[in-house]
Each structure stands twice: as structure tokens, then as C-alpha cells.
Amino acid sequence: MNHCRIGLFGVGLDTYWPQFPGLKTRLESHLAQVHHQLKRPGVEVVNLGLIDSVPKAFEAGHRFRREDVDLIFLYVTTYALSSTVLPVVQRAKVPVIVLNLSPDPAMDYARFNRLKDRTAMTGDWLANCSACAVPEIANVFNRARIPFHQITGILHDDPICWNEVNAWIEATRVAGVMAHNRLGLMGHYYGGMLDVVSDLTQHCATFGGHMEQIEVDELAALRRHVTAGQIAKRINEFRKKFEIGPDCIRAELERAACTSVALDRLVKEHDLGSLAYYYMGTGNAENEDAISSIILGNSLLTARGIPVAGEYEVKNVQAMKIMDTFGAGGSFTEYYALDFKDDVVLMGHDGPGHIAIAQGRTKVRPLKVYHGKVGRGLSVEMSVKHGPVTLLSVVQTVDGRLKLLMAQAESVPGPILEIGNTNSRYRFSVGARRFVNEWNAHGPAHHCAVGMGHIADKIKKLGLLLGMETICIC
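Residues numbered from 1 in each chain as written. Predicted model: local features only at pLDDT ≥ 70, side-chain atom pairs only at ≥ 80, totals over all residues. Heavy atoms only, no water.

> Mind showing me how you'd approach the packing of aromatic side chains here?
Within this structure, the stated rule accounts for eight aromatic pairs. Here Tyr189 and Tyr312 contribute two aromatic rings whose centre-to-centre distance is 4.7 Å and whose plane-to-plane angle is 80°, an arrangement assigned as edge-to-face. Of this pair, Tyr189 sits in the loop between strand S6 (182–187) and helix H9 (200–207) while Tyr312 is found in the loop between strand S10 (308–309) and helix H15 (314–325), placing the two residues 123 residues apart along the sequence. With a centroid separation of 5.9 Å and an interplanar angle of 70°, the aromatic rings of Phe238 and Phe242 are classed as edge-to-face. Phe242 carries the same exposure label as Phe238, and that label is buried. Put simply, the rings of Phe428, Phe435 and Trp439 touch in pairs and so form one group of aromatic residues. (Phe/Tyr/Trp six-rings, centres within 6.5 Å; stacked < 30°, edge-to-face > 60°. Helix = DSSP H or I, 4+ residues; strand = E, 2+ residues; numbered from the N terminus. Buried < 20%, exposed > 50% of the residue type's maximum accessible area, 1.4 Å probe, protein only.)

Below, the structure written as C-alpha cells:
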């Protein structure tokens, strides 16, 4: 699922329409402008128009429920009774954003006061008094225990307001993707990494989605059916996507290509949107061969929106999927070193990288040993593109709940560790020392996801939609 369905309705008071000719038409035009602003690829807008009476409110609630909307924008066009609002959101049972948008930055007082006809003046005022009803609506939502969020601004030419709207829509789309995502779990946890272990039921309860248990034997079996032609074609793809070092021998490229083709088949057969894996493979030559040649294939999958996390890091592959669905990428990372001279933190990881967000071409290096793991073979070396980045960790708390931990930083140029791993240099506004201390204090696992851009505001909105605590270090 890469789309979302947004509900929209405006509120008014049917008593006004015969009293103030033209008012309803004017307010409907304002609502039409909001509808136009909400439209975009991948977003379906269900616009129920002006709800101005209790019977219409009950029908609107049923309609939104039938249409299966993910989020409702409530545009307060003028004063309206809270009794015409409450039934809509009560029945729909989805998050609601209250739009308190004035048609203009300010009323034209001189023009208004020249109208003289006080009925006409009142009608003109009612077309500009969207703020009037918001306290009443907020009061009733609070007493009805209905969470809501507000955006206050101007209908036209207000980037702050519409950036907020856009962020809510993006967060809703990401929540929908997570709710329908099929996460593959292949192998087992890395023995002794107690921080990585997570409550799978809690993940399903928080994000939704499905977790598919997959045997490594299945990947090994699929490798047996890969043809020489498919291997040759995949090696050509490797050469286009990676910078392959001259010390990478043909046999290792063929091994990696075979596994990559089999991985694609595995992902397709299980309809996976993400994958977490780890397996020792000792005592079973086919399984060890598959796992020790998996990095290039996993990197290709990650680059095309199917993030793969090593060490069976379920929490982190969820973070990677969130980042990637926001369009930021999401590369697997952990602390590598502290550079106190330049006040940066080096972060990276062995295994797959998100080559779509790499600074330049990703290098392929042969390794004689995968540190802490079984086997040897090809690995990738890259840095995340220089510029703004966001780090995200899904943290399991002491009471078993999940929360989101974030930090915004800059990926900066400079020397990295050329050891065939991903690693980058990140500079934090609070400095390296304070970032490390504050990040660690929240008890995350030692892995996190990193993506391009500063998107903490969008992630905060995702947390609100999912009922998750969200923390931003900087």
C-alpha cells in the first residue's frame, strides 16, 4: 500500500443560510480550495462538503467509516455547533486535524465598515470567523476523549500552515504502509545481543503489518535454480550500480549474483516489504554459502524500497522502512568511532547499505573475514550523501512499549574507515559528546537508521498517529 485516503469536511450552521444570502456558497468555495490543496498523487480525498446539521453529521460519520479513511481534516469555515461535529469523528474513529484557516491575513476593516447594512456586515464577518468555533470543538473533543491536532493559519499563501498539512498527509501515508507491510524474519537473533531482542507482538500492535517467518533453507533451495544467464545478467547490474574493485574475483561475484537473484525470488514469493536476517550457517554448507554471499543482493533490495537489516534487528528494520517510506532512505548504522578533534561521530555498519543515498558510487570490497560472523566474501563501502540527515531508532522501553528516538545532524566530508563497511561522519548541533550521552540515556539498541534530510517533524506526526512517544535529541 503506497496511497492513503483522506477525509475532508467543513462545518457550518444551517440557520445562517437563509439569513445571509451567498454565505454558504462563499464557504463552499473556501472548502473547495482546501480540497484542491490536499490533492496529490497517491492521496484520495473523500470530501463530504459542508456539514451543517445533526442528521448530516451522523451520515458523514457513517460515510467516512464506509470509505475507510485514514485521517480526517475538519475545516472550520465559520461558527458551527459542536453537536454537528462530534458525531462525525465519533463514528469515523480516525485521527482528526482541525483546520483553523482564515480566508485572508486580516479583514479589510475599511471596506467592511463601509457596507453600512449590518446584515451584510454580519454575513461578511461570518465568512471570516473560522477561529470562533474552535474552542467549542476542542472542549467537546477533550471531554469525549477524542485526540485531535490543530493547524492555525491562512487559507492562501501560508507555507507554514501548508507544510504542516503536507507533513500530516505524509505521516498518514507512512502509517498506512507500515500497517500493511510484510516483514520477513529469516534466521535468528545474533546470540548475546540482548538489546536487539524485541517483542514481535508489540510491533504488530503498534505498527500493524505482518511478520513472515522464513527458513534460510528456502533461500538456499532457491539458489539451486538460478541459471548461468541470470547470474551473468545480475553481475552486469552489479557493475552498473556499484564500483567493483579489481581485487573482487569472478567466483565471488557469481556467488553474490546467484544469491541476489534467489533473494529477489524469495521477496516476491512472500510479498515482502522489508527483511531482517541473521544466521550462522555452520554445519550446512549451502546455508553458509547463501548467508556469506548476501550483502550485494540485500543492498540492491534496500535501494529499491525493501530495506534489509542484519543481525535480525527487527526494531531497526522498522525504522529503516519508516525512513525509506518518507523518501529519506534508511541505512543500517551504529557508532563506529568518536572524532573529538573534528567533533563528529563516525557511524556505519557491515553488511548491506542503502546505495540510493550514497555519496558517489558504492564500492565493493572483498573481505577475508566477516567480523563476528561466519564466512568471507564481498562487502560494500559507502558514506551517506553529504548534507542534512535524520537518525531514527525504534526503542523498546522498560514497560515493553515502543517509542521513537530521533536526532537531526549533518553528514559531512572527511576521512572514513576504508574497511569495506558503510560509514559516515555526522556533526550534531549539540556536539558529539552531548549527542552520545543523551541518545544513550534513552536506552536504544546499538543500531539505528539514517536517512537524508531533516524530517523529525514528520516522524513526530507519525508517532502521534500511532500513539507512540517520540523524542528528538536535536
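> Whenever I open this one, the pairing of strand S3 (residues 71–76) confuses me. Can you help?
Consecutive side chains of a regular strand alternate in pointing toward one face of the sheet and then the other. Counting buried residues in S3 gives six out of six residues, a clear majority hidden from the surface. Judged by which residues are buried, S3 turns out to be covered on both faces: Leu71, Phe73 and Tyr75 on one side and Ile72, Leu74 and Val76 on the other are all buried. Sheet topology note: the strand S1 (residues 4–11)/S3 ladder contains six bridges and is parallel. Paired with Val11 across the bridge in S3 is Val76. (Pairing = 2+ DSSP bridges.)

> Honestly, the side chain of Gln318 in this entry has me stumped. Any pointers?
Structurally, the position occupied by Gln318 is in helix H15. On the basis of relative accessibility, which here comes to 4%, the residue Gln318 falls in the buried class. At a separation of 3.4 Å, a polar atom in the side chain of Gln318 contacts the side chain of His203. Among all residues touching Gln318, those that are not within four sequence positions of it are Met178, Leu183, His203, Phe207, Met211 and Val394. (Polar contact = N/O pair within 3.5 Å; in protein donor to acceptor, adjacent residues only side chain to side chain. Contact = heavy atoms within 4.5 Å.)

> Got a minute to help me understand the sheet that holds S1 in this structure?
Paired through their backbone hydrogen bonds, the strands of a sheet run either parallel or antiparallel. As summarised here, the arrangement of the five strands in space is S2-S1-S3-S4-S5, forming an open sheet in which the pairing is parallel. Each end of this open sheet is capped by a strand with a single partner; those strands are strand S2 (43–51) and strand S5 (148–154). Taking the axes of each pair of neighbouring strands and ignoring which way they run, one obtains an average angle of 20° across the sheet. Sheet topology places S3 next to strand S4 (residues 96–102); four bridges connect them, and they run parallel. The residue bridging Phe73 from the neighbouring strand is Ile97, located in S4. The sheet strands contacting helix H3 (residues 54–67) are S1, S2 and S3, and the helix crosses S2 at an angle near 170°. Against the sheet, helix H8 (residues 159–180) engages S1, S2, S3, S4 and S5, with an angle of about 150° to S5. (Axes fitted to C-alpha atoms, helices over the stretch in contact; angles between N-to-C directions.)

> How should unusual backbone geometry be read in this particular structure?
For residues that are not glycine, phi is negative in most cases, and the peptide bond is trans in most cases. Look at Lys116: it is not a glycine, yet its phi comes out positive at around 65°. Here Lys116 is to be found in the loop between helix H5 (109–114) and helix H6 (118–126). Accessibility expressed as a relative area gives 64% for Lys116, which makes it exposed. Here the phi dihedral of Asp157 falls at roughly 50°; this positive angle occurs in a residue that is not glycine. Residue placement: Asp157 occurs in the loop between S5 and H8. For Asp157, a relative accessible area of 76% gives the class exposed.

> When you look at the environment of Trp125 in this model, what are you seeing that I'm missing?
Note on placement: Trp125 falls in helix H6. Put simply, Trp125 and Gly463 are 338 residues apart on the chain and 38 Å apart in space, counted from C-alpha to C-alpha. Each residue touching Trp125, except ones within four places of it in the same chain, is listed here: Met107 and Phe112.

> Whenever I open this one, the nonpolar core confuses me. Can you help?
As a rule of thumb, soluble globular proteins bury nonpolar side chains together. Counting 54 residues, the largest nonpolar core has Val34, Leu38, Phe73, Leu99 and Ile322 as the members making the most contacts within it. Looking at this core, the element that brings in the most residues is H8, giving nine residues. One finds Leu27, Leu50, Val89 and Ala133 within the second-largest nonpolar core, a separate group that totals 40 residues. (Core = buried A, V, L, I, M, F, W, Y, C linked by side-chain atoms within 4.5 Å.)

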